[in-house]
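A closer look at the structure
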Amino acid sequence: TNQSKQKVHAARKAIEYVEDGMVLGLGTGSTMDVFLDLLGERVQAGLQIKGVPTSVKTEQKAKQLGIPLTTLSDHPKLDLAFDGADEIDPDFQLTKGGGGSLLREKMVDVTAKQFIVVADESKMVNQLGAFPLPVEVVKFGWDSIREQLEALGCDAVLREVDGLPFETDNDQFIIDCHFHQIENPHMLRDQIKSIVGVVEVGLFLDMTDIVLVGVDEEVIIYEK
Ligand code: DER
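Residues numbered from 1 in each chain as written. Predicted model: local features only at pLDDT ≥ 70, side-chain atom pairs only at ≥ 80, totals over all residues. Heavy atoms only, no water.

By the naming in an unreviewed UniProt entry, the chain goes by Ribose-5-phosphate isomerase A and is assigned to Alkalibacillus flavidus. In its Function (unreviewed entry) section, UniProt records this for the chain: "Catalyzes the reversible conversion of ribose-5-phosphate to ribulose 5-phosphate." The UniProt entry for the chain carries the following comment under Sequence similarities (unreviewed entry): "Belongs to the ribose 5-phosphate isomerase family." (UniProt positions renumbered as here; feature names shortened; annotations may be inferred.)

If you want it as structure tokens, here you go:
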């Protein structure tokens, strides 16, 4: 499809930022799957890099591709982190978490000297919020947390898969918050994070350095 071609073009451009000796953050999602395939080819051709995966899914795919892995403990500061996004606004503010990996993604992405977002043009929005905002919460008292999230002005829904609650790699739940539009992402992030039992929220604010967007056969490069 046009969208998948756009992901390939954006991922190809992202690979150009990778240099020998770098330690990389490896994001999660279908766009990052394209990036990982390309990175795997470069590693097979001799590229010397290590990656910190942001999910079990990415870890397993990276292993299959022969991409050497390391950890945040061994590399608390990464050279580059690459990741997808669900929404990207004109200030490079992101909603993420559609794949349920937002906690490890944010932990990894925030440690990088440069955080590079790779996306197709469908992710570009004028205002965040049309995409239901993922919030990772502890299992204990999750419904009370859900009610407190609703009090902030959204429909808050426990994410389920095949009729069972979705469980993150960290053995926690995701609550998807339907705000429809988010006027003040910074205020909302702080309000959500102050609810006891909330672990992390899919608002990635003031973190993104470069956005690579596939648009038809081109890639638009946005830099802060
Ligand atoms: O879950 C995430 O944050 C992913 O990065 C996701 O939002 C992007 O996934 P996609 O590349 O499959 O659209």
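**Considerations on a nonpolar patch on the surface**
A surface patch of nonpolar side chains, amounting to about 220 Å² of accessible area, comprises Met-124, Ile-220 and Tyr-222. Looking at the element boundaries, Ile-220 is found in strand 15 (residues 218-223). We classify Ile-220 as partly exposed; its relative accessible area is 34%. (Patch = residues over 30% accessible without salt bridge, like charges linked within 9 Å, V, L, I, M, F, W, Y side chains within 5 Å. Areas by Shrake-Rupley, 256 points an atom, 1.4 Å probe, with all protein chains shown as cover. Salt bridge = Lys/Arg side-chain N within 4 Å of Asp/Glu carboxyl O. Helix = DSSP H or I, 4+ residues; strand = E, 2+ residues; numbered from the N terminus. Buried < 20%, exposed > 50% of the residue type's maximum accessible area, 1.4 Å probe, protein only.)

**What to know about the sheet that holds strand 14 (residues 210-215)**
Backbone-to-backbone hydrogen bonds join strands into a sheet, with any given pair of strands oriented parallel or antiparallel. On the basis of which strands lie adjacent, the open sheet formed by six strands has the order 2-1-3-6-14-15 and mixed pairing. In this open sheet, the two edge strands, each paired with only one partner strand, are strand 2 (50-53) and strand 15. For this sheet, the mean inter-axis angle between neighbouring strands, taken without regard to orientation, is 20°. With five bridges joining them, strand 3 (residues 78-83) and strand 6 (residues 112-120) adopt parallel strand pairing. Opposite Leu-80, over in strand 6, you have Gln-114 as the bridge partner. Across the sheet, helix 4 (residues 102-109) is in contact with strand 1 (23-26), strand 2, strand 3 and strand 6; its angle to strand 3 comes to roughly 145°. (Pairing = 2+ DSSP bridges. Axes fitted to C-alpha atoms, helices over the stretch in contact; angles between N-to-C directions. Contact = heavy atoms within 4.5 Å.)

**Here's the deal with the sheet that holds strand 4 (residues 87-88)**
Within the open sheet, the three strands sit side by side as 4-5-13. Their pairing is antiparallel. At either end of the open sheet lies a strand with only one pairing partner, and these are strand 4 and strand 13 (203-204).

**Points about the UniProt feature "active site" (unreviewed entry) in the chain**
Under the local residue numbering, the UniProt record ascribes the feature "active site" (unreviewed entry) to Glu-105. Here Glu-105 lies in helix 4. Here Glu-105 is in contact with Thr-28, Thr-54, Asp-83, Lys-96, Gly-97 and Phe-204, once residues within four sequence places are set aside.

**Describing unusual backbone geometry**
Within the chain, Asp-171 stands out as a residue other than glycine whose phi angle is a positive 60°. Within the secondary structure layout, Asp-171 lies in the loop between strand 10 (164-165) and strand 11 (173-178). Even without a glycine there, the phi angle at Asp-206 is positive, about 55°.

**So, the environment of Val-8**
With respect to the element layout, Val-8 can be found in helix 1 (residues 2-15). Along the primary structure Val-8 and Val-118 are separated by 110 residues, whereas in three dimensions their C-alpha atoms are 9.6 Å apart.

**What to know about the environment of Gln-148**
As for its position among the elements, Gln-148 is in helix 5 (residues 142-150). Spatially, the C-alpha atom of Gln-148 lies 28 Å from that of Lys-123, the residues being 25 residues apart in sequence.

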